[in-house]
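Here are the chains, one letter per residue:
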Amino acid sequence: MASIDRTKGQDIFNIFNVIFMVALMLVTLYPLLYVVFASFSDAGRFLAHSGMLWRPLGFSGLAYERAFQHPSIMSGYGNTIIIVVIGTILSVMVTAIGAYFLSRKNVLFQRPIAFLIMFTMFFSGGLIPTYFVVKNFLGGVLYDSLWALIVPTMVSTYNLVVMRSGFAAIPDSLEESARIDGAGHLTILFKIVLPLAKATVAVIVLYYGVAYWNAWFNASIYINDNAKYPLQLVLRQILLINDTNNMTFGVDAGDQMAISETIKYAVIVIATLPILCVYPFLQKYFVKGVMIGAVKG
């Protein structure tokens, strides 16, 4: 097969394309590197530094040592892990059941139920009614508990639509064959539909996991006990309220401001690193999972 000769214009385009992509990568990556470099920098040198930061200024792990001395960091980690694991499992299960229902044909009352579900994407009850519902639900069993951060946001309509599209792309003949063999709806869902739609499921797991990991607003409304704060709410307190007194205890008064700055960056890394480590394992399913069912033909 004859090789296709590239023109000079194509070579120039490729060069500029590579330069643009590298520049875009640096613009995207530098803020992350800045946070990491700042967290490992010597507090005094970092406070006196101005401008770009391309490496740690005097490598030091004191900020991380002090960060883990905060009484709420470890409890926040534990609470967030519980919320992410339990919330993601329940959300994926409920979303899968709902998506299976919406993707089946000739189901009774499917259209009006689908309309009511889609309606919530455009209109909601609002913050105050939702707050009273959560606070008074079953005598207040949800209020000031981790369940208040899971149950009200268990199903995302957008994720439900994405998963429904993935399930609808599975050939009907597979379901018909399973029915001939005596399989029920649960068997079809868990033994046929979910394994064939694992790319879509992986994307939904990522969506829900990241949402639960980053959630802090509901916790600030429904949680009063500091011991039940998720990690992101602890991070917010440290960054916005400057709650670093517990981490700068024993440090000279003149150095407290400097060490507080590096501690803030260390806490950002602590709160962000786990979810960044999980993402690469699900990235390969991302585009495929979202696009399945989006194009018919």
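Thresholds, definitions, all that
- Residues numbered from 1 in each chain as written.
- Predicted model: local features only at pLDDT ≥ 70, side-chain atom pairs only at ≥ 80, totals over all residues.
- Heavy atoms only, no water.
- Axes fitted to C-alpha atoms, helices over the stretch in contact; angles between N-to-C directions.
- Helix = DSSP H or I, 4+ residues; strand = E, 2+ residues; numbered from the N terminus.
- Parallel < 35°, antiparallel > 145°, perpendicular 65-115°, else oblique.
- Left-handed = near helix turned anticlockwise from the far one by under 90°.
- Contact = heavy atoms within 4.5 Å.
- Nonpolar A, V, L, I, M, F, W, Y, C, P; charged D, E, K, R; others polar.
- Phe/Tyr/Trp six-rings, centres within 6.5 Å; stacked < 30°, edge-to-face > 60°.
- Buried < 20%, exposed > 50% of the residue type's maximum accessible area, 1.4 Å probe, protein only.
- pLDDT = per-residue confidence, 0-100.

**Q** Teacher, can you tell me more about the packing of helix H4 (residues 71–103) against helix H5 (residues 110–119) here?
**A** For any two helices packed against each other, one specifies the crossing angle of their axes together with the interaxial distance. The geometry of H4 relative to H5 is characterised by a closest axis approach of 10 Å and an angle of 135° between their N-to-C directions. Classed by the angle they form, the pair H4 and H5 counts as oblique. As H4 runs across H5, the sense of the crossing is left-handed. From H4, Phe101, Leu102 and Ser103 reach across to H5, where they touch Gln110, Ile113, Ala114 and Ile117. Tallied by class, residues from the contact of H4 with H5 come to five nonpolar, two polar and no charged.

**Q** Would you explain the side chain of Ser103 in this entry?
**A** Structurally, Ser103 can be placed in helix H4. Those residues in contact with Ser103 that lie beyond four places of it in its chain are Gln110, Arg164, Phe167 and Ala168.

**Q** Sorry, what's going on with the packing of aromatic side chains here?
**A** Aromatic rings considered in pairs are described by the distance between their centres and by the relative angle of their planes. Scanning the model with the defined rule gives 14 aromatic pairs in all. Between Tyr77 and Trp213, the aromatic rings sit 6.2 Å apart at their centres with planes inclined by 65°, giving edge-to-face as the arrangement. Taken together, the residues Tyr77 in helix H4 and Trp213 in helix H10 (residues 198–214) connect sequence positions 136 residues apart. Assigned by exposure class, Tyr77 and Trp213 land together as buried. Ring geometry for Phe119 against Phe123: centres 5.0 Å apart, planes inclined by 25°, an arrangement best described as stacked.

**Q** Help me understand the confidence of the model for the protein in this model?
**A** Parts of the model with low pLDDT should not have their predicted coordinates read in detail. Predicted confidence across the protein gives a mean pLDDT of 80, with 87% of residues reaching 70 or more. Mean pLDDT values over the elements of the protein span from 70, in helix H13 (residues 253–291), up to 89, in H4. The model gives residues 293–297 a pLDDT under 50, and that stretch makes four contacts with residues more than four places away or in other chains.

**Q** Would you mind showing me how to read unusual backbone geometry here?
**A** The bulk of non-glycine residues show a negative phi, and the bulk of peptide bonds are trans. With a phi close to 60°, Asp144 is a non-glycine residue in the positive phi region. Residue position: Asp144 is located in the loop between helix H6 (127–136) and helix H7 (157–168).

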